[in-house]
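Secondary and tertiary structure notes
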Amino acid sequence: MDSIAEQQRQAYEDMERLEQAVVDLMLQKLTKHRYRLIREQKISNLLDQIQARSKLITELNLDESGLRAKEMHMMGTGFDSFYAQLDKVRAHHRRNPELSVQPPELDYIKYTRNPEEADEKRRVLEARLRDTTNVENVEIDDTELETFVSEGDMDKLETMFSGDERFGRYVDLNEQHKLYINLRGTSTISYVEYLNVCTRFGDIPAAAKDNLYVEYLRSLAAYFESYFARSMPLFDLPKAQREADEAFEKEWAERKENEMDVELFCEPCQRTFEKETTYKAHMSSRKHQKTVDRLAKSTCAKTESRVDHAKRIARLEHKVQCYVRALGSKLSDTRANVQRRQALTEDERMHELHDVDEIEYSDDADTAHAYNPLNLPLGWDGKPIPFWLYKLHGLSVTFSCEICGNSVYRGRSAYERHFQEPRHASNMRRLGIPNTRQFHGVASISEALELWARVDAEKKAEDVDNDTFEEYEDAEGNVFSKKTYFDLKRQGLI
């Protein structure tokens, strides 16, 4: 076992090498999003190692066991301890004569190599291998092309994000959207509209902020915390949480409690009411009395006070809003991306998933956004499409479909195409209407039901007319309908 002084020296050396590795990574100019994200994850890992070394040095300096002071005292008495340790080192190498020692510099040299330059060198060497006739003279040395990006890092990145997140470029709030539209006091809105109102907690009435609403807020906070860890590894989440809690406590102390919310809150049922008449009716209802009796029989039952309930909701709302501010333009970028993808065909969407790394960053990509005063849709390169193309495809005209949940489509072609998509067909089946050609172009639920009632009535009328369509003639030449002819014949009149 190494001495305490040697452990300290080794920890200081490791810290210097780790710091230099962080500097080497930060100085690399990377254009691909994946490589940038892996670099941030590597830097976060290196910073954790630096903190671990610093903690070790601090513990050794504290010397709670007293071994370090004893070792320092022995080192000051003479060279006896030095020669004793030297004999141990020589004995170790005599027992292991073929032991190879790898310089520590080799473990950190990979942080100095740019993965994009290594990929370019590898492509050049592979091209030379294909073109040359003497393949034996051209070999690819993978050790010289080894960078901080490994195959395991790329595989891990594939499973870390969902398809809508696009490796951390955007957020994926589809699950939270489903929870939102199931809350009391909210209407059914599209995903694009939800991205605009997901942080407008004041629009939700106080009576709707029950336990289900608390679960919705917790889901939002948990997702953003997970997103920070995956797509923004260098973001100091504990610091942001502390600052959010401190700011909330300060605001809560200055806030005057709303008397109406305090009076119209039922502690046993954990519900808030807007009107006093509704609150009084609830207090005398059977459901409330059953809840009170059940809680009275339970010895361990605990109900949250109205003030604590309001404070817990306000704390979660404040935390989520702080997370959204820390995300910057992620929500607006996600909204623009969803609108852009709605104008794409299925083949274009699949092609975009395979070319996720084609979008590269320029030197000023992090400091400025594309100038888009006309709010044009974004193209495959993340920039607004030309205005003439925007007018050519008729994207300035928007169409909404009530059957598909008031989804908005840009341009006539996208609107006409959506009538044949599975989503529209599924919603038509839920209304009990077949998605035939005659219903294409009908986007209103009332118009679709009215048209289906008229079509159904015409079909039934055709079935009734089949009995009068055929004509029969008796022996005297009189012509009758099928029904009349057989009725007279059964009576023996003809």
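All figures in this text were calculated on a predicted structure; none of them were measured in a lab.

1. Concerning the pattern of salt bridges
- Tallying each qualifying case throughout the model produces 17 salt bridges.
- For Glu13, the salt bridge is made with Arg17, and the minimal N-O distance between the two is 3.0 Å. Of the two residues, Glu13 and Arg17 both sit in helix H1 (residues 4-27), four residues apart, roughly one turn of that helix.
- As a salt-bridge pair, Glu416 and Arg412 come within 3.0 Å of each other at their nearest N and O atoms. Residue Glu416 and its partner Arg412 are located together in helix H19 (residues 412-417), separated by four residues, close to a single helical turn.
- Take Glu416: its relative accessible area is 36%, and that puts it in the partly exposed class.

2. Description of the packing of helix H8 (residues 174-181) against helix H10 (residues 211-231)
- Following both chains from N to C, one finds H8 and H10 inclined at 170 degrees, their axes separated by 10 Å at the closest point. Relative to H10, the element H8 lies roughly antiparallel. Taken together, the residues of H10 that come into contact with H8 (itself represented by Gln176, Leu179 and Tyr180) are Tyr216, Ser219, Leu220 and Tyr223.
- A per-class count over the contact of H8 with H10 returns five nonpolar, two polar and no charged.

3. Topic: the nonpolar core
- Formed by 33 residues in total, the largest nonpolar core has its most connected members in Leu173, Tyr180, Tyr194, Tyr213, Tyr216, Leu220 and Phe224.
- Only helix H9 (191-197), H10, helix H15 (306-327) and helix H16 (330-342) provide two or more residues apiece to this core.
- The leading source of residues in this core is H10, at ten residues.
- Aside from chain neighbours lying at most four places away, what touches Tyr194 is Leu173, Gln176, His177, Tyr180, Ile189, Tyr216 and Leu220.
- Within the second largest apolar cluster, 22 residues are counted, among which are Leu18, Ile43, Val149 and Phe167.

4. Side note on the packing of helix H2 (residues 33-62) against helix H7 (residues 151-160)
- Running from amino to carboxyl end, H2 crosses H7 at an angle of 100 degrees, the nearest separation of the two axes being 11 Å. Considering the angle they form, H2 stands roughly perpendicular to H7. On H7, the residues touching Arg34, Tyr35, Leu37, Ile38, Gln41 and Lys42 of H2 are Asp153, Met154, Leu157, Glu158 and Met160.
- In the contact of H2 with H7, the residues fall into six nonpolar, one polar and four charged.

5. A look at the pairing of strand E3 (residues 398-401)
- In E3, alternate side chains face the same way, and those of Phe399 and Cys401 are buried while those of Thr398 and Ser400 on the opposite face are not.
- Where E3 lies against strand E4 (residues 407-410), four bridges are found, and the strand directions are antiparallel. Bridge pairing in E4 places Phe399 opposite Tyr409.
- Hairpin connection between E3 and E4: a loop of five residues separates the two successive antiparallel strands, and Gly405 in this loop has a positive phi of roughly 80 degrees.

6. So, the environment of Arg122
- If you trace the backbone, Arg122 turns up in helix H6 (residues 115-131).
- A relative accessible area of 25% means that Arg122 is categorised as partly exposed.
- For Arg122 and Leu145, which are 23 residues apart along the polypeptide, the C-alpha to C-alpha distance reads 7.6 Å.

7. Regarding a nonpolar patch on the surface
- The grouping of Phe79, Phe82 and Tyr83 at the surface amounts to a nonpolar patch, some 380 Å² of accessible area in total.
- Tracing the backbone through its elements, the reader meets Phe82 in helix H4 (residues 80-95).
- A relative accessible area of 47% places Phe82 in the partly exposed class.

8. A look at the environment of Gln438
- Residue position: Gln438 is located in the loop between helix H20 (422-430) and helix H21 (445-469).
- In this structure Gln438 comes out as partly exposed when scored by relative accessible area, which is 46%.
- Put simply, Gln438 and Trp452 are 14 residues apart on the chain and 9.7 Å apart in space, counted from C-alpha to C-alpha.
- Setting aside residues up to four positions removed in sequence, Gln438 forms contacts with Leu451 and Val455.

What counts, and where the lines are drawn
Residues numbered from 1 in each chain as written. Predicted model: local features only at pLDDT ≥ 70, side-chain atom pairs only at ≥ 80, totals over all residues. Heavy atoms only, no water. Salt bridge = Lys/Arg side-chain N within 4 Å of Asp/Glu carboxyl O. Helix = DSSP H or I, 4+ residues; strand = E, 2+ residues; numbered from the N terminus. Buried < 20%, exposed > 50% of the residue type's maximum accessible area, 1.4 Å probe, protein only. Axes fitted to C-alpha atoms, helices over the stretch in contact; angles between N-to-C directions. Parallel < 35°, antiparallel > 145°, perpendicular 65-115°, else oblique. Contact = heavy atoms within 4.5 Å. Nonpolar A, V, L, I, M, F, W, Y, C, P; charged D, E, K, R; others polar. Core = buried A, V, L, I, M, F, W, Y, C linked by side-chain atoms within 4.5 Å. Pairing = 2+ DSSP bridges. Patch = residues over 30% accessible without salt bridge, like charges linked within 9 Å, V, L, I, M, F, W, Y side chains within 5 Å. Areas by Shrake-Rupley, 256 points an atom, 1.4 Å probe, with all protein chains shown as cover.

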